[in-house]
Amino acid sequence: GESVGLHLPTLSVQEGDNSIINCAYSNSASDYFIWYKQESGKGPQFIIDIRSNMDKRQGQRVTVLLNKTVKHLSLQIAATQPGDSAVYFCAERKAAGNKLTFGGGTRVLVKP
Amino acid sequence: KAGVTQTPRYLIKTRGQQVTLSCSPISGHRSVSWYQQTPGQGLQFLFEYFSETQRNKGNFPGRFSGRQFSNSRSEMNVSTLELGDSALYLCASSTGQSGGQYFGPGTRLTVT
């Protein structure tokens, strides 16, 4: 069945360093892979997505990498800031419809 | 543009009761999806409505139902509440085409 999972439940990062959050997926038929950030008491916030026919996409301070050979997705955050402390979820969906399948989440803690 | 709004934000119900949650999507968005978030199961897709029609459905019992109105606002209903229904219920809206989904702050439901 479909599943999207994460390797690390908690990631501690020094402020100013780069963060890398990893995610494994099992559904090769997914068309989009998305990263969300969820802060305490809030709903998930869209960060960036990537289509399945791409292997890299950059946003503001973030880069998403997709390796379809090993079914691996990663989110890189450059110069991590205290405001980046949150739980990060990867998700995937097909082009038709909006059903998102989420991974378990990784908590990122930024140390001053 | 105003974001996705959900009401109420917090709700306490007793086992066996029923509950109705409301979601107002971003203006112009025709797709509304509902998700359940629990510490044990993570984020799970409930259903999606597009133009007043259910387009996708997750693996939840029939006690969970929803509907969408002509103005795209959506409601979900849970009947015969169980303790395990305690969760954060999130609503997400999108245009229904490609692009990201935008989440509301959620309704925290506690069943006692």
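The model shown is predicted, which means the values in this text are computed figures rather than measured ones. (Residues numbered from 1 in each chain as written. Chains lettered and ligands numbered in written order. Predicted model: local features only at pLDDT ≥ 70, side-chain atom pairs only at ≥ 80, totals over all residues. Heavy atoms only, no water.)

Caption draft 1: Structural context of the nonpolar core. Residues and elements named next belong to chain B. By size, the foremost hydrophobic cluster in this structure holds 21 residues, and its most contacted members are W34, L46, F64, M76 and Y89. Elements with a contribution of two residues or more to this core: β3 (19-24), β4 (31-38), β5 (42-50), β8 (74-78), β9 (87-94) and β11 (107-111). Once residues lying within four places of it in the same chain are set aside, the contact partners of L46 are W34, Y35, Q36, K57, G58, F60, F64, M76 and Y89. (Core = buried A, V, L, I, M, F, W, Y, C linked by side-chain atoms within 4.5 Å. Buried < 20%, exposed > 50% of the residue type's maximum accessible area, 1.4 Å probe, protein only. Helix = DSSP H or I, 4+ residues; strand = E, 2+ residues; numbered from the N terminus. Contact = heavy atoms within 4.5 Å.)

Caption draft 2: Summary view of the pattern of salt bridges. All names here are of chain B. In total, this model carries eight salt bridges over all chains according to the counting rule given. Between E75 and R73 there is a salt bridge, with the nearest N and O atoms lying 3.4 Å from each other. With relative accessibility at 16%, the residue E75 sits in the buried group. (Salt bridge = Lys/Arg side-chain N within 4 Å of Asp/Glu carboxyl O.)

Caption draft 3: Examining the packing of aromatic side chains more closely. Taken as a whole and judged by the stated rule, the model has 12 aromatic pairs over all chains. With 6.2 Å between their ring centres and 50° between their planes, F46 of chain A and Y102 of chain B make a pair best called tilted. Here F46 of chain A, found in strand β5 (residues 45-51), pairs with Y102 of chain B, found in strand β10 (residues 102-103), and the two come from separate chains. By relative accessible area, Y102 of chain B is classed as partly exposed at 37%. (Phe/Tyr/Trp six-rings, centres within 6.5 Å; stacked < 30°, edge-to-face > 60°.)

Caption draft 4: The pairing of strand β7 (residues 62-67) of chain A, seen in detail. All names here are of chain A. Summarising the sheet, strand β6 (residues 56-58) and β7 pair through three bridges and their orientation is antiparallel. Directly across from K56, in β7, lies its bridge partner L65. Linking β6 to β7, which pair antiparallel, is a turn of three residues; within it R61 sits at a positive phi near 65°. With six bridges connecting them, β7 and strand β8 (residues 72-77) associate as antiparallel partners. Residue N67 lies in a different strand from β8, and its bridge partner there is H72. (Pairing = 2+ DSSP bridges.)

Caption draft 5: View of the pairing of strand β9 (residues 86-93) of chain A. All names here are of chain A. With eight of eight residues buried, β9 is to be regarded as a mostly interior element. The alternating pattern of β9 places A86, Y88, C90 and E92 on one face and V87, F89, A91 and R93 on the opposite face, and all of these are buried. For strand β4 (residues 32-38) and β9, the ladder comprises seven bridges, and the chain directions are antiparallel. Along β9, the bridge assignment pairs Q38 with V87. Where β9 meets strand β11 (residues 106-111), three bridges bridge the pair, whose relative direction is antiparallel. Its bridge partner being in β11, V87 is matched across the sheet by R107. Both β9 and strand β10 (residues 101-102) contribute to a ladder of two bridges, which runs antiparallel. Within β10, the residue paired with A91 across the bridge is F102.

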